[in-house]
Amino acid sequence: MRLATWNVNSLRSRIGRVEAFLARHDVDVLAVQETKSREDQLPLMGLQAEGYEVAAAGTNQWNGVAILSRIGLDDVQIGFDGMPGWGEPEAPESRAIAATCGGVRVWSLYVPNGRKPDDPHYTYKLTWLAALRTAAAGWTAAPTVLAGDWNICPTDDDVFDIKQFAKSTHVTPPERAAFAAFAADGWHEVTRAHAPGYTYWDYYRQRFERDRGLKIDFAYASPSVAGRVRGAFIDRDERDPAQGSGSPSDHAPVVLELAD
DNA sequence: ATGGTAGCTGGGCTA
(Lines give C-alpha, C1' and ligand atoms only; values in the text may rest on other atoms or scores of the structure.)
Protein backbone atom coordinates (compact mmCIF):
# COMPACT_ATOMS: atom_id res chain seq x y z
CA MET A 1 0.00 0.00 0.00
CA ARG A 2 1.21 3.47 -0.84
CA LEU A 3 0.26 6.29 1.48
CA ALA A 4 1.05 9.99 1.10
CA THR A 5 0.63 13.29 2.90
CA TRP A 6 0.55 16.70 1.22
CA ASN A 7 -0.30 20.22 2.25
CA VAL A 8 -1.80 21.31 -1.08
CA ASN A 9 -2.61 24.96 -0.25
CA SER A 10 -6.09 24.78 -1.79
CA LEU A 11 -7.37 21.50 -3.16
CA ARG A 12 -9.52 23.23 -5.76
CA SER A 13 -6.75 25.30 -7.29
CA ARG A 14 -4.36 22.32 -7.17
CA ILE A 15 -6.67 19.56 -8.32
CA GLY A 16 -4.86 19.01 -11.62
CA ARG A 17 -1.56 18.49 -9.84
CA VAL A 18 -3.18 16.24 -7.24
CA GLU A 19 -4.69 14.00 -9.91
CA ALA A 20 -1.40 13.78 -11.78
CA PHE A 21 0.45 13.02 -8.55
CA LEU A 22 -1.90 10.19 -7.52
CA ALA A 23 -1.62 8.57 -10.94
CA ARG A 24 2.13 9.02 -11.34
CA HIS A 25 2.98 7.35 -8.04
CA ASP A 26 0.07 4.91 -7.83
CA VAL A 27 -0.92 6.32 -4.44
CA ASP A 28 -3.71 4.50 -2.58
CA VAL A 29 -4.38 6.98 0.23
CA LEU A 30 -3.54 10.69 0.35
CA ALA A 31 -3.90 12.84 3.46
CA VAL A 32 -4.28 16.44 2.34
CA GLN A 33 -4.08 19.62 4.37
CA GLU A 34 -5.10 23.22 3.72
CA THR A 35 -7.89 22.15 1.39
CA LYS A 36 -9.45 25.65 1.58
CA SER A 37 -12.64 24.04 0.40
CA ARG A 38 -16.02 23.69 2.04
CA GLU A 39 -17.62 20.26 2.11
CA ASP A 40 -20.19 21.34 -0.47
CA GLN A 41 -17.27 22.09 -2.82
CA LEU A 42 -16.30 18.39 -2.60
CA PRO A 43 -16.28 15.74 -4.02
CA LEU A 44 -14.16 16.47 -7.03
CA MET A 45 -15.42 14.88 -10.20
CA GLY A 46 -12.05 14.59 -11.92
CA LEU A 47 -10.77 12.55 -9.01
CA GLN A 48 -13.74 10.19 -9.19
CA ALA A 49 -13.10 9.61 -12.86
CA GLU A 50 -9.60 8.50 -11.93
CA GLY A 51 -10.94 6.07 -9.33
CA TYR A 52 -10.57 8.13 -6.16
CA GLU A 53 -13.07 9.46 -3.66
CA VAL A 54 -13.10 11.75 -0.66
CA ALA A 55 -12.90 9.20 2.16
CA ALA A 56 -13.13 11.89 4.83
CA ALA A 57 -13.22 15.67 4.93
CA GLY A 58 -13.31 18.22 7.70
CA THR A 59 -13.67 21.79 6.58
CA ASN A 60 -14.71 25.23 7.63
CA GLN A 61 -15.07 28.39 5.63
CA TRP A 62 -11.36 29.08 5.29
CA ASN A 63 -9.46 25.84 5.65
CA GLY A 64 -9.66 22.11 6.11
CA VAL A 65 -8.13 18.65 5.87
CA ALA A 66 -9.25 15.61 3.91
CA ILE A 67 -8.34 12.08 2.95
CA LEU A 68 -8.53 10.91 -0.65
CA SER A 69 -8.49 7.19 -1.31
CA ARG A 70 -9.18 4.69 -4.03
CA ILE A 71 -12.91 4.16 -4.34
CA GLY A 72 -14.00 1.41 -1.99
CA LEU A 73 -10.80 1.32 0.03
CA ASP A 74 -12.09 3.38 2.95
CA ASP A 75 -14.14 1.78 5.70
CA VAL A 76 -15.29 4.49 8.07
CA GLN A 77 -15.00 8.19 8.67
CA ILE A 78 -14.05 9.54 12.05
CA GLY A 79 -13.89 13.11 13.27
CA PHE A 80 -12.26 14.28 16.45
CA ASP A 81 -14.14 15.29 19.57
CA GLY A 82 -11.30 16.22 21.90
CA MET A 83 -9.63 18.73 19.62
CA PRO A 84 -9.88 22.33 20.77
CA GLY A 85 -11.12 24.77 18.15
CA TRP A 86 -9.92 28.31 17.76
CA GLY A 87 -12.71 30.85 17.84
CA GLU A 88 -15.79 30.41 15.71
CA PRO A 89 -16.85 28.95 13.42
CA GLU A 90 -13.69 26.88 13.21
CA ALA A 91 -14.48 23.20 13.45
CA PRO A 92 -11.98 20.93 15.25
CA GLU A 93 -12.23 18.40 12.44
CA SER A 94 -10.90 21.02 10.03
CA ARG A 95 -7.49 20.22 11.54
CA ALA A 96 -7.73 16.48 12.16
CA ILE A 97 -9.77 13.80 10.43
CA ALA A 98 -9.33 10.08 9.85
CA ALA A 99 -10.43 7.27 7.60
CA THR A 100 -9.56 3.59 7.77
CA CYS A 101 -8.12 2.60 4.41
CA GLY A 102 -6.91 -0.92 3.69
CA GLY A 103 -6.88 -1.71 7.40
CA VAL A 104 -4.83 1.32 8.40
CA ARG A 105 -6.41 4.26 10.15
CA VAL A 106 -4.93 7.32 8.51
CA TRP A 107 -5.15 10.70 10.19
CA SER A 108 -4.69 13.89 8.20
CA LEU A 109 -3.38 16.52 10.60
CA TYR A 110 -2.90 20.22 10.20
CA VAL A 111 -1.12 21.36 13.35
CA PRO A 112 -1.77 25.05 14.15
CA ASN A 113 0.92 27.35 12.73
CA GLY A 114 1.45 29.31 15.94
CA ARG A 115 2.40 32.52 14.13
CA LYS A 116 4.89 33.84 16.71
CA PRO A 117 6.05 32.61 20.13
CA ASP A 118 4.37 35.54 21.88
CA ASP A 119 1.09 35.11 19.98
CA PRO A 120 -1.98 33.45 21.54
CA HIS A 121 -1.97 31.12 18.52
CA TYR A 122 1.35 29.73 19.75
CA THR A 123 -0.20 28.77 23.09
CA TYR A 124 -3.11 27.29 21.19
CA LYS A 125 -0.67 25.24 19.11
CA LEU A 126 0.84 23.67 22.25
CA THR A 127 -2.60 23.07 23.75
CA TRP A 128 -3.74 21.43 20.54
CA LEU A 129 -0.69 19.17 20.38
CA ALA A 130 -1.19 18.13 24.00
CA ALA A 131 -4.82 17.22 23.28
CA LEU A 132 -3.77 15.21 20.24
CA ARG A 133 -1.10 13.39 22.23
CA THR A 134 -3.56 12.46 24.96
CA ALA A 135 -6.05 11.07 22.47
CA ALA A 136 -3.43 9.36 20.30
CA ALA A 137 -1.92 7.52 23.26
CA GLY A 138 -4.90 5.20 23.06
CA TRP A 139 -4.47 4.44 19.38
CA THR A 140 -1.02 2.83 19.23
CA ALA A 141 -2.32 -0.74 19.54
CA ALA A 142 -4.21 -0.45 16.23
CA PRO A 143 -2.60 0.13 12.82
CA THR A 144 -2.55 3.92 12.74
CA VAL A 145 -0.66 6.73 11.02
CA LEU A 146 -0.60 10.37 12.12
CA ALA A 147 0.34 12.11 8.90
CA GLY A 148 0.38 15.74 8.03
CA ASP A 149 1.80 19.20 8.38
CA TRP A 150 3.17 19.39 11.92
CA ASN A 151 4.49 22.94 11.59
CA ILE A 152 7.51 21.94 13.71
CA CYS A 153 11.17 21.54 12.74
CA PRO A 154 12.37 18.84 15.18
CA THR A 155 16.08 19.58 14.67
CA ASP A 156 18.24 22.53 13.60
CA ASP A 157 19.05 20.66 10.40
CA ASP A 158 15.39 20.88 9.45
CA VAL A 159 15.78 24.63 8.89
CA PHE A 160 17.73 26.23 6.04
CA ASP A 161 19.18 28.83 8.40
CA ILE A 162 18.55 28.30 12.11
CA LYS A 163 19.89 31.77 12.96
CA GLN A 164 17.04 33.33 11.00
CA PHE A 165 14.57 31.45 13.19
CA ALA A 166 15.86 32.66 16.55
CA LYS A 167 12.57 34.41 17.34
CA SER A 168 10.27 32.23 15.27
CA THR A 169 7.84 29.40 15.78
CA HIS A 170 8.50 25.84 14.57
CA VAL A 171 11.87 25.56 16.36
CA THR A 172 11.19 26.47 20.01
CA PRO A 173 11.98 23.90 22.72
CA PRO A 174 8.31 23.52 23.77
CA GLU A 175 7.26 22.75 20.20
CA ARG A 176 10.11 20.29 19.77
CA ALA A 177 9.25 18.68 23.11
CA ALA A 178 5.63 18.35 22.01
CA PHE A 179 6.75 16.60 18.83
CA ALA A 180 9.18 14.30 20.63
CA ALA A 181 6.52 13.33 23.15
CA PHE A 182 4.78 11.21 20.51
CA ALA A 183 7.91 9.10 20.14
CA ALA A 184 8.00 8.63 23.91
CA ASP A 185 4.45 7.26 23.66
CA GLY A 186 5.50 4.58 21.19
CA TRP A 187 4.93 6.33 17.86
CA HIS A 188 7.61 5.95 15.18
CA GLU A 189 8.35 8.80 12.79
CA VAL A 190 8.74 6.80 9.59
CA THR A 191 9.56 9.32 6.85
CA ARG A 192 12.89 10.82 7.89
CA ALA A 193 15.03 7.67 7.71
CA HIS A 194 14.09 7.10 4.06
CA ALA A 195 13.32 10.66 3.00
CA PRO A 196 15.61 13.25 4.56
CA GLY A 197 15.40 16.81 3.32
CA TYR A 198 12.95 19.67 3.30
CA THR A 199 9.25 19.35 2.58
CA TYR A 200 8.29 23.05 2.52
CA TRP A 201 9.72 26.12 0.80
CA ASP A 202 8.16 29.53 1.30
CA TYR A 203 6.76 31.24 -1.79
CA TYR A 204 8.83 34.34 -0.97
CA ARG A 205 12.25 35.09 -2.34
CA GLN A 206 12.61 32.07 -4.61
CA ARG A 207 13.16 29.84 -1.62
CA PHE A 208 12.62 26.66 -3.61
CA GLU A 209 15.05 27.62 -6.35
CA ARG A 210 17.66 28.33 -3.66
CA ASP A 211 16.68 25.22 -1.65
CA ARG A 212 16.02 27.26 1.47
CA GLY A 213 13.30 25.15 3.05
CA LEU A 214 11.97 23.50 6.19
CA LYS A 215 11.19 19.91 7.13
CA ILE A 216 7.78 20.06 8.78
CA ASP A 217 5.70 17.28 7.17
CA PHE A 218 5.92 13.94 8.98
CA ALA A 219 4.18 10.65 9.59
CA TYR A 220 4.13 9.02 13.01
CA ALA A 221 3.19 5.35 12.74
CA SER A 222 2.03 2.87 15.35
CA PRO A 223 4.46 -0.06 15.84
CA SER A 224 2.64 -2.50 13.56
CA VAL A 225 2.61 -0.01 10.69
CA ALA A 226 6.19 1.11 11.33
CA GLY A 227 7.30 -2.49 10.84
CA ARG A 228 5.72 -2.53 7.38
CA VAL A 229 7.47 0.59 6.05
CA ARG A 230 9.64 -0.26 3.05
CA GLY A 231 10.52 3.24 1.92
CA ALA A 232 9.56 6.89 1.62
CA PHE A 233 10.36 9.80 -0.62
CA ILE A 234 9.67 13.50 -1.03
CA ASP A 235 8.39 14.41 -4.47
CA ARG A 236 10.15 17.72 -4.98
CA ASP A 237 8.89 17.95 -8.55
CA GLU A 238 5.47 18.82 -7.13
CA ARG A 239 6.99 21.94 -5.52
CA ASP A 240 8.83 22.92 -8.70
CA PRO A 241 7.14 25.70 -10.69
CA ALA A 242 9.03 24.42 -13.75
CA GLN A 243 7.46 20.94 -13.49
CA GLY A 244 3.91 19.89 -14.21
CA SER A 245 1.10 22.29 -15.01
CA GLY A 246 -0.26 25.12 -12.92
CA SER A 247 1.33 26.75 -9.87
CA PRO A 248 2.71 24.48 -7.14
CA SER A 249 1.82 24.27 -3.47
CA ASP A 250 4.48 25.58 -1.09
CA HIS A 251 4.78 21.99 0.27
CA ALA A 252 6.02 18.86 -1.49
CA PRO A 253 4.17 15.57 -0.92
CA VAL A 254 5.76 12.80 1.15
CA VAL A 255 5.05 9.26 -0.05
CA LEU A 256 5.25 6.17 2.16
CA GLU A 257 5.48 2.60 0.89
CA LEU A 258 4.02 -0.13 3.15
CA ALA A 259 4.43 -3.88 2.74
CA ASP A 260 1.14 -5.78 2.46
C1' DA B 1 12.33 45.93 11.34
C1' DT B 2 10.03 45.12 7.26
C1' DG B 3 8.46 42.83 3.13
C1' DG B 4 8.52 39.41 0.08
C1' DT B 5 4.17 35.50 -2.59
C1' DA B 6 -0.08 32.83 -2.86
C1' DG B 7 -5.12 31.76 -2.14
C1' DC B 8 -9.78 33.03 -1.17
C1' DT B 9 -12.51 36.73 -2.08
C1' DG B 10 -14.08 40.70 -3.52
C1' DG B 11 -10.47 44.04 1.55
C1' DG B 12 -8.10 41.79 4.58
C1' DC B 13 -6.71 37.75 6.67
C1' DT B 14 -3.89 33.49 6.87
C1' DA B 15 0.22 31.18 6.01
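Computed from a predicted structure; not experimentally measured.

Attention now moves to the protein's contact with DNA strand B. The full set close to DNA strand B counts 13 residues, and Ser10, Arg14, Tyr204, Arg205 and Ser247 are the nearest of them. A share of 55% is what sugar and phosphate atoms reach among the atoms of DNA strand B within 4 Å of the protein. One nitrogen or oxygen atom from the side chain of serine 10 is found 2.4 Å from a phosphate oxygen belonging to DNA strand B. Residue composition of the surface near DNA strand B, grouped by class: three nonpolar, five polar and five charged.

Our focus in this paragraph is the pattern of salt bridges. Close approach of charged atoms lets side chains of opposite charge pair. Scanning the entire structure with this criterion turns up 14 salt bridges. Close ionic contact of aspartate 40 with arginine 38 constitutes a salt bridge, the shortest N to O distance being 2.9 Å. A relative accessible area of 59% means that aspartate 40 is categorised as exposed. Because the salt bridges share partners, they merge into one network encompassing Arg17, Arg24, Asp235 and Glu238.

What follows deals with the packing of helix α3 (residues 120–136) against helix α4 (residues 173–184). Put simply, α3 and α4 touch, their axes get as near as 10 Å, and they point 10° apart. As judged from the angle between their axes, α3 and α4 are roughly parallel. Contact with α3, carried on its side by Tyr122, Lys125, Leu126, Leu129, Leu132, Arg133 and Ala136, involves Pro174, Glu175, Ala178, Ala181 and Phe182 of α4 and no other residues of that element. In terms of residue class, the contact of α3 with α4 is built from nine nonpolar, no polar and three charged.

Among the six residues in strand β1 (residues 2–7), five count as buried, and that is most of the element. As paired elements, β1 and strand β2 (residues 29–33) share five bridges and run parallel to each other. Within β2, the residue paired with asparagine 7 across the bridge is glutamine 33. Of the crossover connections in this fold, the one passing from β1 over helix α1 (residues 15–25) to the parallel β2 is right-handed.

On to the UniProt feature "site: Transition state stabilizer" (unreviewed entry) in chain A, then. Mapped onto this structure's residue numbering, the UniProt feature "site: Transition state stabilizer" (unreviewed entry) falls at Asn151. Following the sequence through the fold, asparagine 151 ends up in the loop between β8 (144–149) and α4. Judged by its relative accessible area of 4%, asparagine 151 falls in the buried class. Once residues lying within four places of it in the same chain are set aside, the contact partners of asparagine 151 are Tyr110, Val111, Pro112, Asn113, Lys125, His170, Glu175 and Ile216.

In this fold, arginine 176 is placed in helix α4. Side-chain polar atoms of arginine 176 contact the side chain of aspartate 156, separated by 3.0 Å.

It is worth spelling out the environment of alanine 166 at this point. As for its position among the elements, alanine 166 is in the loop between β8 and α4. Put simply, alanine 166 and aspartate 240 are 74 residues apart on the chain and 28 Å apart in space, counted from C-alpha to C-alpha.

With that out of the way, let us pick up the packing of aromatic side chains. Here the structure, examined in full by the defined rule, presents 11 aromatic pairs. For the pair phenylalanine 179 and tyrosine 220, a centre-to-centre distance of 4.9 Å together with 40° between the ring planes defines the contact as tilted. Placement of the pair is phenylalanine 179 in helix α4 and tyrosine 220 in strand β10 (residues 217–221), with a sequence separation of 41 residues. Its relative accessible area of 6% is what places phenylalanine 179 among the buried residues. Tyrosine 220 sits in the buried class, given a relative accessible area of 2%. Between phenylalanine 182 and tyrosine 220, the aromatic rings sit 5.6 Å apart at their centres with planes inclined by 25°, giving stacked as the arrangement. Highlighted residues: phenylalanine 182 in helix α4 and tyrosine 220 in strand β10, separated in sequence by 38 residues.

Cut-offs applied
- Residues numbered from 1 in each chain as written.
- Chains lettered and ligands numbered in written order.
- Predicted model: local features only at pLDDT ≥ 70, side-chain atom pairs only at ≥ 80, totals over all residues.
- Heavy atoms only, no water.
- Near = heavy atom within 4 Å.
- Polar contact = N/O pair within 3.5 Å; in protein donor to acceptor, adjacent residues only side chain to side chain.
- Nonpolar A, V, L, I, M, F, W, Y, C, P; charged D, E, K, R; others polar.
- Salt bridge = Lys/Arg side-chain N within 4 Å of Asp/Glu carboxyl O.
- Buried < 20%, exposed > 50% of the residue type's maximum accessible area, 1.4 Å probe, protein only.
- Axes fitted to C-alpha atoms, helices over the stretch in contact; angles between N-to-C directions.
- Helix = DSSP H or I, 4+ residues; strand = E, 2+ residues; numbered from the N terminus.
- Parallel < 35°, antiparallel > 145°, perpendicular 65-115°, else oblique.
- Contact = heavy atoms within 4.5 Å.
- Pairing = 2+ DSSP bridges.
- Right-handed = clockwise from strand over helix to strand, strands pointing away.
- UniProt positions renumbered as here; feature names shortened; annotations may be inferred.
- Phe/Tyr/Trp six-rings, centres within 6.5 Å; stacked < 30°, edge-to-face > 60°.

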